[in-house]
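Topology and contacts: notes
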Amino acid sequence: MEERISLDRSRSSLSVPVLKSTSSFSQEAIVLDVFVTDPIPIDATVFDLWLEGLEPKDAATKRRGQSSGVPFDYQGDFQQIIIRDTYDHFRNFRMIENCLRDPEELVDQPLFRIDARTFAAALQSYYRLNEEVVRVLAGKRLKAKIRHRLDDIARHVNVPLIVVERQFDNMRRLYKYIKRKKEQGLGVLKSPVSDLIQARFLLNKDLADSGARFIFLSVARIETDDKRLRFLSANDLEYFASVLMVKWAGERQFLEVDSRFKDELHECATFVINEKDILRKYRETTLGKMRAAGVLSDRQMSTVQNKFNLIVKALFKIASGLFKRKEFEDLFEDIEEKLADPWCKVGLPADVRIPAHTGVFHLCC
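Okay, so let's go over this structure. (Residues numbered from 1 in each chain as written. Predicted model: local features only at pLDDT ≥ 70, side-chain atom pairs only at ≥ 80, totals over all residues. Heavy atoms only, no water.)

Time to look at the overall build of the chain. A count of helices and strands for the chain gives 17 helices and 4 strands. Classification of the 365 residues of the chain by burial places 42% in the buried group. Expressed as a percentage of contacts within the chain between residues at least 6 apart in sequence, the contacts between residues at least 24 apart total 64%. Counting every atom, the chain has about 21,200 Å² of accessible surface; 50% of that belongs to carbon and sulfur. (Helix = DSSP H or I, 4+ residues; strand = E, 2+ residues; numbered from the N terminus. Buried < 20%, exposed > 50% of the residue type's maximum accessible area, 1.4 Å probe, protein only. Contact = heavy atoms within 4.5 Å. Areas by Shrake-Rupley, 256 points an atom, 1.4 Å probe, with all protein chains shown as cover.)

The next point concerns the packing of helix H13 (residues 276-293) against helix H14 (residues 298-320). Close contact between H13 and H14 brings their axes to 11 Å; oriented N to C, the two are set at 145°. Crossing handedness for the pair H13 and H14: right-handed. Across the interface between the two elements, Leu 279, Tyr 282, Arg 283, Thr 286, Leu 287, Met 290 and Arg 291 from H13 touch Met 301, Val 304, Gln 305, Phe 308, Asn 309 and Val 312 from H14. (Axes fitted to C-alpha atoms, helices over the stretch in contact; angles between N-to-C directions. Left-handed = near helix turned anticlockwise from the far one by under 90°.)

Before going further, it helps to spend a moment on the packing of aromatic side chains. One pass over the full model with this rule turns up 9 aromatic pairs. Their ring planes at 35° and their centres at 5.6 Å tell us that Phe 47 and Trp 50 sit as a pair that is tilted. Here Phe 47 and its partner Trp 50 are both found in helix H1 (residues 44-51), 3 residues apart, which amounts to about one turn of the helix. Per residue, the accessibility class of Phe 47 equals that of Trp 50, and both read buried. With 6.2 Å between their ring centres and 40° between their planes, Phe 90 and Phe 93 make a pair best called tilted. Taken together, the residues Phe 90 and Phe 93, both in helix H3 (residues 77-101) and 3 residues apart, mark about one turn of the helix. We note that Phe 90, like Phe 93, is buried. Grouping aromatic residues by their ring pairs yields a cluster made of Phe 47, Trp 50, Phe 90 and Phe 93. The residue whose ring lies beneath Arg 166 is Tyr 126, and the NZ or CZ to ring-centre distance is 5.7 Å. Directly above the ring of Phe 201 sits Arg 200, whose terminal nitrogen or CZ lies 5.3 Å from the centroid. (Phe/Tyr/Trp six-rings, centres within 6.5 Å; stacked < 30°, edge-to-face > 60°. Lys NZ or Arg CZ within 6 Å of the ring centre and 35° of its normal.)

For helix H9 (residues 193-201), every residue scored as buried is listed here: Val 193, Ser 194, Leu 196, Ile 197, Arg 200 and Phe 201. Along H9, the residues classed as buried sweep out an arc of 160° about the axis, all on the same side. Packed against the buried residues of H9 are H3, helix H4 (104-108), helix H5 (116-126), helix H8 (161-184) and helix H10 (205-220). Immediately beyond the C-terminal end of H9, within one or two residues, lies Leu 202, with a positive phi of roughly 60°. (Arc of directions from axis to C-beta.)

The next point concerns the packing of H10 against helix H11 (residues 234-249). Two elements in contact, H10 and H11, have axes whose closest approach is 9 Å; the angle formed by their N-to-C orientations is 80°. Viewed along their axes, H10 and H11 adopt a mutual orientation that is roughly perpendicular. On H11, the residues that touch Ser 210, Ala 212, Arg 213, Phe 214, Phe 216 and Leu 217 of H10 are Ala 234, Leu 237, Glu 238, Ala 241, Ser 242, Leu 244, Met 245 and Ala 249. The residue makeup of the contact of H10 with H11, split by class, is 10 nonpolar, 2 polar and 2 charged. (Parallel < 35°, antiparallel > 145°, perpendicular 65-115°, else oblique. Nonpolar A, V, L, I, M, F, W, Y, C, P; charged D, E, K, R; others polar.)

With respect to the secondary-structure elements, Asn 130 resides in the loop between H5 and helix H6 (131-137). Polar contacts involving the side chain of Asn 130 include one to the main-chain amide nitrogen of Glu 132, which spans 3.1 Å. Polar contacts involving the side chain of Asn 130 include one to the main-chain amide nitrogen of Val 133, which spans 3.1 Å. (Polar contact = N/O pair within 3.5 Å; in protein donor to acceptor, adjacent residues only side chain to side chain.)

Let us now look at a positive patch on the surface. Taken together, Arg 141, Lys 143, Lys 145, Lys 176, Lys 179, Arg 180 and Arg 221 make up a surface patch of like positive charges. With respect to the helices and strands, Arg 221 occurs in the loop between H10 and H11. (Patch = residues over 30% accessible without salt bridge, like charges linked within 9 Å, V, L, I, M, F, W, Y side chains within 5 Å. Salt bridge = Lys/Arg side-chain N within 4 Å of Asp/Glu carboxyl O. Lys, Arg positive; Asp, Glu negative; His and termini not counted. Charge placed at Lys NZ, Arg CZ, Asp CG, Glu CD.)

Quick look at the nonpolar core now. Membership of the largest hydrophobic core comes to 89 residues, with the highest contact counts inside it found for Leu 100, Ile 197, Leu 217 and Phe 332. Sort the elements by how many residues they give to this core and H14 lands first, with 9 residues. (Core = buried A, V, L, I, M, F, W, Y, C linked by side-chain atoms within 4.5 Å.)

Put into structure tokens, the structure is as follows:
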């Protein structure tokens, strides 16, 4: 007995007999479904248009506008070729999106093949952070219930909802993976957070580091949306998070500051404020370094010298309260209100704000 199967490649058929011998006296047919295809192409330009949340026809129009030498004509062959090509690309992107969300699925699935370098480049683009979106999401809990607010965020930053949803889902996916790794390690991570993300999601180091830092802000629930903090950019917040993670949490920590460190910080700040000799030595050392740096004018330096004790006491007051959950969440607000604003009011330059925030993180180590 003989059966034939048809292999379809590039719209052509090929009949192949398939026989299986079950004994010397009989034969049994096997029915197979076979799909043969070339590696799926990923055009970087079209992929970026898809990531922007454009509809296929809008993306095709944009592609047509980027080309030259052919008169614009929606009825023309050239325009139709671009439209069909764009629809084909978008269909492929939707088909491989599950693999972009979870790169391990690419190995497990048998339906299509993608060149390794092409797939790696697509992953970096898929997980690339949108500065406007992550600036709004920074400090917010990565819970599923926040999804009903994403449309408000999309309108606020003037970014398509699908882009905001992807940014949120990507961040939440990274967070859930790190949380699961901590649970598997009985509360301890065996590798730095960034390394875990890089290995699991095949992201480059810079992108993995950025993801870990914004997740840290969300886990810590540090307030970043207060109107006094609107001047801080996404890059500023990422920098602050990097300092906090290295100085306060440690590379292997689960994106959170050790409660024992907060308690020790409280005790240390109280001790320094009440010990005049230690405060005097700290004053001399700090003012000496500031003079050597030459950042401030003589008049500004004189102001700092006259107000130094008040500034330091305000700084240590912030540090001494960080063992309380609410005080820690208000860290950036307190630095701006109790340290940066008073500096500006006594004539120090407005760009002191960023160093003021960073100075607190370093001083409290």
